[in-house]
Amino acid sequence: MKEILSIFFQGVIVLFTISSTLLAGYSVMNKFRLRKVRMSWRAGKFAGYPLFATVFLVLIGSLGIVALLVNDVSRFPTFVCYVWIGCMWFIASYLASKHYITDYGIVKNINEPSQTIPWFQILDQVEKEQKEGVEYSFSYSELDKSLTEGFKQLKIYVPNSKRKRFEKIVSLKLKNRFEGQELPDIDLKNLQNE
């Protein structure tokens, strides 16, 4: 029974090693597929890095160092696989959590196409001041859907260090479309007197 469990867990480690490598490769491929990137920034929860992947990588790296120090050679291949899984998970999470602003639109997550919004789909924007940055809410409509069915919002946090550059790009891409859509000034007193 012990041997069956050992083979099972080794198979699971090999499976996770292969899948984490494929996920990291997919993320890297999506990153290089992006064209005309004007700016990007880290958006993870742990000082701009992905929280769980970072914690896992640090924990497994620490345990791997302890295994090396106590010269536990029998478990060394397992720790190498875990460190590899952690590195691949970190790469995939890091690239997916970055925000990319391109000439074509906003990419909040490179691994999820539904979080990529072309500029021409954006209908409105709202800015909300936050601590050390601004949260932008972009309202947009999905293609091939009615405005009521396809209405969505994308919220994106922009740190103060990236704010001016981001505002400049948004202004260039959206200001011309939003200009002329303001409500006209109406003098209610003159309307009532007529």
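Parameters at a glance
- Residues numbered from 1 in each chain as written.
- Predicted model: local features only at pLDDT ≥ 70, side-chain atom pairs only at ≥ 80, totals over all residues.
- Heavy atoms only, no water.
- Helix = DSSP H or I, 4+ residues; strand = E, 2+ residues; numbered from the N terminus.
- Buried < 20%, exposed > 50% of the residue type's maximum accessible area, 1.4 Å probe, protein only.
- Contact = heavy atoms within 4.5 Å.
- Areas by Shrake-Rupley, 256 points an atom, 1.4 Å probe, with all protein chains shown as cover.
- Salt bridge = Lys/Arg side-chain N within 4 Å of Asp/Glu carboxyl O.
- Pairing = 2+ DSSP bridges.
- Axes fitted to C-alpha atoms, helices over the stretch in contact; angles between N-to-C directions.
- Parallel < 35°, antiparallel > 145°, perpendicular 65-115°, else oblique.
- Left-handed = near helix turned anticlockwise from the far one by under 90°.
- Phe/Tyr/Trp six-rings, centres within 6.5 Å; stacked < 30°, edge-to-face > 60°.

Undergrad: I would appreciate a short explanation of the overall build of the protein in the present structure.
TA: For the protein, the count of helices and strands is six helices and seven strands. Here the protein holds 194 residues, and the buried ones make up 32% of them. Restricting to contacts in the protein with at least 6 residues of sequence separation, those with at least 24 account for 58%. Accessible area for the protein stands at about 13500 Å²; split by element, carbon and sulfur atoms hold 62% of it.

Undergrad: Is there a simple way to think about the pattern of salt bridges in this case?
TA: For side chains of opposite charge, pairing can occur when their charged atoms come near one another. Tallied over the entire structure, the rule returns four salt bridges. The salt bridge partner of arginine 163 is glutamate 167, with a shortest N-O separation of 3.0 Å. You can see arginine 163 and its partner glutamate 167 sitting in helix H5 (residues 160-178), four residues apart, about one turn around the helix. Note on glutamate 167: relative accessible area 29%, which makes it partly exposed.

Undergrad: What should I look at first to understand the pairing of strand E2 (residues 99-102) in this one?
TA: Walk down a regular strand and you will see the side chains alternate between the two sheet faces. Side chains of E2 alternate between two faces, with His99 and Ile101 and Tyr100 and Thr102 buried alike. Where strand E1 (residues 37-41) and E2 come together, four bridges link them in antiparallel fashion. Looking at E2, one finds that tryptophan 41 is bridged to histidine 99. By the bridge criterion, two bridges tie E2 to strand E3 (residues 105-107) in an arrangement that is antiparallel. Paired with tyrosine 100 across the two strands is valine 107, which belongs to E3. Between E2 and E3, which pair antiparallel in sequence order, lie two residues.

Undergrad: Could you clarify how one ought to interpret the packing of helix H2 (residues 51-69) against helix H3 (residues 76-97) in this entry?
TA: A packed helix pair is summarised by two numbers, namely the angle formed by the two axes and the spacing between the axes. The geometry of H2 relative to H3 is characterised by a closest axis approach of 9 Å and an angle of 160° between their N-to-C directions. Accordingly, the angle class assigned to the pair H2 and H3 is roughly antiparallel. Seen from above, H2 lies across H3 with left-handed handedness. Here Phe52, Ala53, Thr54, Phe56, Leu57, Ile60, Gly61, Leu63, Gly64, Ala67 and Leu68 of H2 come into contact with H3, specifically with Phe76, Phe79, Tyr82, Val83, Ile85, Gly86, Cys87, Trp89, Phe90 and Ser93.

Undergrad: What exactly am I supposed to notice about the sheet that holds E1 here?
TA: An order of E1-E2-E3-E4 is seen for the four strands of this open sheet, with the pairing classed as antiparallel. Taken across any chain shown, the strands that pair with only one partner, and hence form the sheet edges, are E1 and strand E4 (116-118). Strand-to-strand twist across the sheet, computed as the mean angle between neighbouring axes with direction ignored, equals 10°.

Undergrad: Could you clarify how one ought to interpret the packing of aromatic side chains in this entry?
TA: For any two aromatic rings, the description comes down to two numbers: the centre-to-centre distance and the angle of the planes. In the structure shown here, the tally under the stated rule is nine aromatic pairs. Seen in terms of ring centroids, tryptophan 41 and phenylalanine 166 are 5.8 Å apart; in terms of plane orientation they differ by 90°. Their pairing is edge-to-face. Residue tryptophan 41 is found in strand E1, and its partner phenylalanine 166 is found in helix H5; the two are separated by 125 residues along the sequence. Here the two residues tryptophan 41 and phenylalanine 166 agree in accessibility, since each one is buried. An aromatic cluster is present here, built from Trp41, Tyr136, Phe138 and Phe166 joined pairwise through their rings.

Undergrad: I would appreciate a short explanation of unusual backbone geometry in the present structure.
TA: Among all residues except glycine, the phi angle is most often negative; among peptide bonds, the trans geometry is most common. The backbone of lysine 36 sits at a positive phi, close to 50°, despite the residue not being glycine. Assessed through its relative accessible area of 48%, lysine 36 is described here as partly exposed. If you check the backbone angles, glutamate 132 has positive phi at about 60° while not being a glycine. Structurally, glutamate 132 is set in the loop between strand E5 (122-130) and strand E6 (133-141). By relative accessible area, which is 57% here, glutamate 132 ends up exposed.

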